[in-house]
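Tertiary structure, described
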Amino acid sequence: MASQEILREEPSRGSFVNDPRIRSLFFQTLVVVLLFGSIWWIVQNVIDNLHRLHIASGFGFLKGRAGFDISDTPIAYTSDSTYGRAIIVGLINTIIVAAAGIITATIIGFVIGIGRLSQNWLIQKICTVYVEIFRNIPPLLVIFFWYSGVLAVLPPPRDSYHLPFGSFLNQRGFYFPRPVWGDGSWLILVALVVGIAMSWFVARKARQRQMATGQQFPVFWTSAALIVGLPLLAYVLSGFPLSFDLPKQSTFNLTGGFQVKPEFLSLYLALSCYTAAFIAEIVRAGIRGVSKGQTEAAAALGLRSGSILRLVVVPQAMRIVIPPLTSQYLNLTKNSSLAIAIGYPDLTATAGTVLNQTGQAVEGVLIMMIAYLILSLVTSAVMNVVNARMALVER
Amino acid sequence: MQEHDMSWVRTEMALAQPAPASVSGPIAWVRRNLIGSAGDTILTILGIVIVAWILPQVINWAFINAQWTGPDRTVCATVAQGGIQPDGWSGACWAFVNAKFGQFMFGTYPVEERWRPILVAILFVALLVPMLMPRVPRKGLNAILLFLVLPIVSFFLLVGGIFGLPHVETSRWGGLLITLSLSFVGIAVSLPLGTVLALGRRSKMPIVKMLCVIFIEAVRGIPLITVLFFVSVMLPLFLPAGVTFDKYLRALIGVSLFAAAYMAEVVRGGLQAIPKGQYEGADSLGLGYWQKMGLIVLPQALKLVIPGIVNTFIGMFKDTSLVLIISMFDLLGIVKQNFSDANWATAQTAKSGLVFAAFVFWLFCFGMSRYSMYTERRLDTGYKR
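All values derive from a computational prediction rather than experimental measurement. (Residues numbered from 1 in each chain as written. Chains lettered and ligands numbered in written order. Predicted model: local features only at pLDDT ≥ 70, side-chain atom pairs only at ≥ 80, totals over all residues. Heavy atoms only, no water.)

1. Notes on the state of the cysteines
Where two cysteines share a covalent bond between their sulfur atoms, that bond is called a disulfide. The following threshold applies: For the purposes of this analysis, a disulfide is any pair of cysteine sulfur atoms at a distance within 2.5 Å. In DSSP terms, a helix is any run of H or I states spanning at least four residues, a strand is any run of E spanning at least two, and both are numbered starting from the N terminus. Whether a residue is buried, partly exposed or exposed follows from its accessible area with a 1.4 Å probe, protein chains only, as a fraction of its type maximum: under 20%, in between, or over 50%, in that order.
Counted under the stated rule, the structure contains 1 disulfide over all chains. In this model, Cys-76 of chain B is linked to Cys-93 of chain B through a disulfide, with the two sulfur atoms separated by 2.0 Å. Its S-S torsion of about 80° marks the bond between Cys-76 of chain B and Cys-93 of chain B as right-handed, since a negative value means left-handed. With Cys-76 of chain B in the loop between helix H2 (38-64) and helix H3 (94-106) and Cys-93 of chain B in the loop between H2 and H3, this pair connects stretches of sequence that are 17 residues apart. Each member of the pair, Cys-76 of chain B as well as Cys-93 of chain B, is classed as buried. No disulfide involves Cys-273 of chain A; its nearest neighbouring cysteine sulfur is the one of Cys-127 of chain A, lying 13 Å away.

2. Describing the confidence of the model for chain A
Low pLDDT means the predicted coordinates in that region are not meant to be read closely. Short version of the rule: Per residue, pLDDT captures the predictor's confidence, and it can take any value from 0 to 100.
Overall, the predicted model of chain A reaches an average pLDDT of 83, with 95% of residues at or above 70. Helix H1 (residues 2-9) of chain A is the least confidently modelled element of chain A, averaging 50 in pLDDT, while helix H8 (residues 262-288) of chain A averages 92, the highest of any element.

3. Remarks on the sheet that holds strand E3 (residues 173-176) of chain A
Residue and element names in this part refer to chain A. Heads up, the rule is: Here, a strand pair is defined by DSSP locating no fewer than two bridges between the strands. In this description, a line fitted to the C-alpha atoms serves as the axis of each element, helices being fitted only across the stretch in contact, and the angle between N-to-C directions of two axes falls anywhere from 0 to 180 degrees.
As summarised here, the arrangement of the 4 strands in space is E1-E2-E3-E8, forming an open sheet in which the pairing is antiparallel. The sheet is open, and its two borders are formed by strand E1 (161-163) and strand E8 (258-260), each paired with just one other strand. Between one strand axis and the next, the sheet turns by 20° as a mean value, whatever way the strands run. In this structure, E1 lies alongside strand E2 (residues 167-170), joined through 3 bridges in antiparallel fashion.

4. Examining the pattern of salt bridges
Residues and elements named next belong to chain A. In plain terms, the rule: Salt bridge criterion: a side-chain nitrogen from Lys or Arg within 4 Å of a carboxyl oxygen from Asp or Glu.
Applying the stated criterion across every chain yields a total of 9 salt bridges over all chains. Linking Glu-281 and Arg-116 is a salt bridge whose minimum nitrogen-to-oxygen distance equals 2.5 Å. On the criterion of sequence distance, the pair formed by Glu-281 in helix H8 and Arg-116 in helix H3 (residues 83-116) is long-range, its members being 165 residues apart. On the accessibility criterion, Glu-281 (17% relative accessible area) is buried. With a closest N to O distance of 3.7 Å, Arg-135 and Glu-132 form a salt bridge. Note that Arg-135 and Glu-132 are positioned in helix H4 (residues 121-135) at a spacing of 3 residues, about one turn of the helix.

5. Let's talk about a positive patch on the surface
Put simply, the test is: Patch definition: residues above 30% relative accessible area lacking any salt bridge, with like charges linked at up to 9 Å and the nonpolar side chains Val, Leu, Ile, Met, Phe, Trp and Tyr linked at up to 5 Å. Throughout, the Shrake-Rupley method with a 1.4 Å probe supplies accessible areas, and for residues the shown protein chains are the sole cover considered. Counting rule for charge: Lys and Arg are taken as positive, Asp and Glu as negative, and neither His nor the chain ends is counted. For the purpose of locating charges, the reference atoms are NZ of Lys, CZ of Arg, CG of Asp and CD of Glu.
A cluster of like positive charges, contributed by Arg-202, Lys-204, Lys-209 and Lys-276 of chain B, occupies part of the molecular surface. For Arg-202 of chain B, a relative accessible area of 38% gives the class partly exposed.

6. So, the packing of H8 of chain A against helix H10 (residues 305-335) of chain A
Residues and elements named next belong to chain A. Selection rule: Oblique is the label for every angle not falling under 35 degrees (roughly parallel), over 145 degrees (roughly antiparallel), or within 65 to 115 degrees (roughly perpendicular). The crossing is said to be left-handed when, going from far helix to near helix, the turn is anticlockwise and less than a right angle, and right-handed when the turn is clockwise. In this analysis, two residues are considered to be in contact whenever any of their non-hydrogen atoms come within 4.5 Å of each other. Each residue gets one of three labels, nonpolar for Ala, Val, Leu, Ile, Met, Phe, Trp, Tyr, Cys and Pro, charged for Asp, Glu, Lys and Arg, and polar for the others, Gly among them.
Interhelical geometry of H8 versus H10 gives an angle of 155° and a closest axis separation of 8 Å. When the axes of H8 and H10 are compared, the pair comes out roughly antiparallel. The handedness of the crossing between H8 and H10 is right-handed. Contacts from Leu-271, Tyr-274, Thr-275, Phe-278, Ile-279, Ile-282, Val-283, Gly-286 and Ile-287 of H8 reach H10 at Val-313, Ala-317, Ile-320, Val-321, Pro-324, Leu-325, Gln-328, Tyr-329, Leu-332 and Asn-335. Grouping the constituent residues of the contact of H8 with H10 by class yields 15 nonpolar, 4 polar and no charged.

This is how it looks when you write it as structure tokens:
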């Protein structure tokens, strides 16, 4: 006791230069001084430069008339709209291509990843070749390949390729029938929502019943019948309100239908193919990460191979898969900014145009950074919720 | 009743029989790996269809129908397009790559000065190869030459302006020269910078820690293009009037900072994986902070995360292609720029040029990833079960 007190009260031996607390205080003060010094210096320079270039700072420029056209406008936009609206159009385009890419990349990635673990030698090799090719070339190159190498050399509209379901493929993109919603088609939508809600309810009830009594219920088929059947029923009952606007071939161009432009198509295909290679590796690592004893124990319990996969292997593999999968989704979202290289008007492209026209460099880059940060944070938040549901429940 | 002795002992060994055909030999292999079950057979047929559909097309395009040499676009265009090929011809236009090869490698670097980048490349290879071979001794000296002396020598060789070498503007650099030099400097800068950032993030000093976290998370949250925008548009604003930066240097700063943030996270993973006992052991030996990190923790941590580090390198190598956005012409940029050359514009030009660029990128990235796998195996000192 006494000796401890003596030790505690004894002043630190040696010079105060060696005291970790004083050192830490000194270094942090130094860092703060340096940081604020350089920030002050930078701010001064920026103010001087902006003053010299006669650029007013602030976000007032967002209300100005944009004066440039955007090729893909998911919301109403003309060149008379404001700069702010132009940036929002870009943001929506980014979200569209990122969401479409994420869904497709996940599907391709899972298929290829499982294929790499297949017993089948040929399938395994094909999947390996796919992964090794796409992992090792830059995404921008893949985009150019689709854009200049494949889509740009398709035939002109006159000689379009005819595809099933009345769709066409040519230099100007992919055309497919556009659904025209007639009177009463809201019933179909309502039926779809009701179907989804009911199947969720059925699944819940079925699980509760299985937990309580051990009796199983064919949830999958019931849900499928509800989700597909109810809208179909509504479609028939409301007197077939849905029709299709088919693309028609005229002399020089296709009219009608829905056109997917080659810029979007090549960006979407390239991002999906590229990211799928990485997702495949993640999925493979995840499945291999589930120990063989789990599969064998499940087999010993008498589960069928499908049930083993669904109930034992996949839930455990997902725990390994989800965190890196999230970062791949984030990468895909960030890589969608490569759109600027082929002229798809995403956030970077429109904000870049605004930045060039107004000279508001600081605000423009700030808007871009904040928008991407928010997108990243939202994606991570969603994936964290999924991850929390999947996470191992330990005592 | 006579008792029979039923026991019988064989006096010679039975001859080994060949394994049944169902478990060995090529037929069994096919049976096991290709047509094991009905589902497997369907998959195999599907696979064969895919291969039979793609492979002949690729071989035809890249080798059989390809045009290897030629003066201009006529060799790669069909008659209808004003060339010499029959209608419906489709093949790679390697003649285009052949004709533009110098540009793809060096950009518009003056032809009579191209021995300088070639010399740099030779020096680089001469220093890199012994560095990569574990058996060659004097790694320390080699590393100093490769990471300190070579960049300085290369800088003076490539830029010139002294020793009677004519000055070459960096705006005239291009092609693989930019791709390789950007990624080499990026690698050489991002690893130490990323390590420092990772140490900062795990530091006990709250302000240092906060700054590192803000930097890492902000950079990782935005695309490289935005970072490049930032350095190319904002950096001039940050500096006093009249001070300008070379565009190449700006790209270099952008790429290095970007890669450093990712590297920091990789290294942090390694630092976290080192057991606390190692830190405490170092403390109890009386080592200072830098001694503890440099001698005990980092050697183990970096070894653990070699795959991650190489992945970041590969990512950065691929990302250098984005400098195209701020109108610098790396390998991909210069290939793309040459599509618009009227002398070579055909339907096949773009595809051929891109396939060539893809092949070059692929070679480097694949090489890096294989080397990292090799190193990982070599350094695996028995931590894994």
